[in-house]
Amino acid sequence: MSSAVFCADIGGSFIKFGVSRATGEVEECGKVPTPVASWDAFVAAMQNFITLYGADLPSSTPLAISTAGLVSPQTGELLATNIPAFTGRSLAKDLSTALNRPVTAANDADCFALAEAHAGNAQHQPIVVAIILGTGVGGGLVINGQLVRGHGGVTGEWGHGAITRTELNIEGKTYLVPRLKCACGQTGCLDKLGAARGMERLHQHFHQREASSLEIVTGWQAGDSTCGLTVRAWLQLVAEPLALLVNILGPSKIVAGGGLASATELIAALDLALRERVLHRYAAPLLIPGKFLTEGGLVGASVMGRIEG
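My aim in this report is to walk through the structure given alongside it, one point at a time.

What counts, and at which threshold
- Residues numbered from 1 in each chain as written.
- Predicted model: local features only at pLDDT ≥ 70, side-chain atom pairs only at ≥ 80, totals over all residues.
- Heavy atoms only, no water.
- 1 Å grid on protein atoms, 1.4 Å probe; cavity = no way out; pocket = protein on both sides within 12 Å on 5 of 7 lines; lining within 4 Å.
- Points joined across faces, edges and corners; volume = space filled by probe spheres on them.
- Helix = DSSP H or I, 4+ residues; strand = E, 2+ residues; numbered from the N terminus.
- Nonpolar A, V, L, I, M, F, W, Y, C, P; charged D, E, K, R; others polar.
- Expected span 1.5 Å × (residues − 1).
- Buried < 20%, exposed > 50% of the residue type's maximum accessible area, 1.4 Å probe, protein only.
- Polar contact = N/O pair within 3.5 Å; in protein donor to acceptor, adjacent residues only side chain to side chain.
- Axes fitted to C-alpha atoms, helices over the stretch in contact; angles between N-to-C directions.
- Parallel < 35°, antiparallel > 145°, perpendicular 65-115°, else oblique.
- Left-handed = near helix turned anticlockwise from the far one by under 90°.
- Contact = heavy atoms within 4.5 Å.
- Pairing = 2+ DSSP bridges.
- Disulfide = S-S within 2.5 Å.

**Some details on the layout of surface pockets**
- Reported here for the largest pocket is a volume of approximately 1,400 Å³.
- Forming the walls of the largest pocket are 45 residues, and the residues nearest its centre are A68, G69, N107, D108 and G136.
- Contributions of two or more residues to the lining of the largest pocket are made by β1 (5-10), β2 (14-22), α3 (108-119), β9 (137-143), α4 (191-194), α5 (196-207) and α9 (296-308).
- Among the residues forming the lining of the largest pocket, the class breakdown is 16 nonpolar, 19 polar and 10 charged.

Here it is, written out as structure tokens:
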């Protein structure tokens, strides 16, 4: 197990880099635009970070990467449509060869799950599910402290394949729900209605008016009836597939990340809606906001680097 770990959080816009000298602690050193079209430029950026911030560390110090997209544990190949430079590459293996040091990589939701299970709000829990409610709907799974890596890197992706209802009953009135084409190729996935943009789509559908997810949640908290209808519909649509996930996996705690997780009242309301729908009765909150809402990728990568590096 390494004493220090280089960490990188790679998104479609920026690379954030940090150095971790203790579990759960990461010193964020800087960020640069992601060179999405050039593998050589990406390697050079990583080498530059290591040279700038790792002069006092051994050459064997591992690099752990949290990245957008799916990382296959079978082939190491990364599927990240917004970073074409990675297409067809085994990210960890190829980067390890280029940098001459151990490299490991995982999806950003998986890293968030590791961060929360080891150093966040779900420490010492045997089964931890992390859910992302942000630009999309995603998730990760940690059992007994170990990240579960499914076939092709797919684990906890409850936003896809979970087909939403076409109508809801709210206070005795029936509301039709749109069934939308998803980027994954299916129609009706939760990802299209359960994410922040999905809440906005629901609001537009019900009220023919545009509003940001922040405006909708704020209006709901203030007692606005139109925002209240949107949020009640959103809670039903999200709670049902999440309850199925709970009944299948039996988590002891679910931590929420992504932009909507910062709305603590919304997560508390979703927790209540969730606990009404699961087989086992949880006396205490099951779903809670994560501790690492902004730095979960880097912190989770630091944990992964110590386990696998």
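And the narrative resumes.
**Things to note about α3**
- The end-to-end C-alpha distance of α3 is 16 Å, a good match for the 16 Å that 12 residues give at a rise of 1.5 Å each.
- Where burial is concerned, most of α3 is hidden: 10 out of the 12 residues are buried.
- Considered for burial, the residues of α3 that qualify are A109, D110, C111, F112, A113, L114, A115, E116, A117 and A119.
- One side-chain oxygen at the N-terminal end of α3 lies 2.8 Å from the backbone nitrogen of A109; it belongs to N107.

**A word on the packing of α5 against helix α6 (residues 213-221)**
- Between α5 and α6, the shortest axis-to-axis distance is 8 Å and the interhelical angle comes to 70°. When the axis of α5 is compared with that of α6, the two are roughly perpendicular. In this structure, α5 crosses over α6, and the sense of that crossing is left-handed. For the pair α5 and α6, the contacting residues are A196, R197, M199, E200 and H203 in the first and S213, I216 and V217 in the second.
- By residue class, the composition of the contact of α5 with α6 is four nonpolar, two polar and two charged.

**Details of the sheet that holds β1**
- An order of β3-β2-β1-β4-β7 is seen for the five strands of this open sheet, with the pairing classed as mixed. Single-partner strands in this sheet number two, and they are β3 (25-33) and β7 (103-107). Each adjacent strand pair in this sheet contributes to an overall mean axis angle of 20°, direction not counted.
- Across the sheet, helix α1 (residues 39-53) lies against β1, β2, β3 and β4 (63-67), angled at about 35° from β2, the strand it touches most.
- Sheet strands in contact with helix α2 (residues 91-99) are β4 and β7, and its direction is about 150° off that of β7.

**Quick look at the state of the cysteines**
- For the coordinates displayed, the defined rule picks out zero disulfides.
- No disulfide involves C7; its nearest neighbouring cysteine sulfur is the one of C29, lying 9.0 Å away.
- Free cysteine C184: the closest other cysteine sulfur is in C189, separated by 3.7 Å.
- With relative accessibility at 40%, the residue C184 sits in the partly exposed group.

**Digging into the sheet that holds strand β10 (residues 146-147)**
- The strand order β10-β9-β8-β13-β14 describes an open sheet built from five strands, whose pairing is mixed. Bordering the open sheet on either side are β10 and β14 (287-289), each of which pairs with just one other strand.
- Inspection of the sheet shows strand β13 (residues 253-257) paired to β14 by three bridges, in the parallel sense. Its bridge partner being in β14, I254 is matched across the sheet by L287.
- Across the sheet, helix α7 (residues 225-249) is in contact with β8 (127-133), β9, β13 and β14; its angle to β8 comes to roughly 155°.

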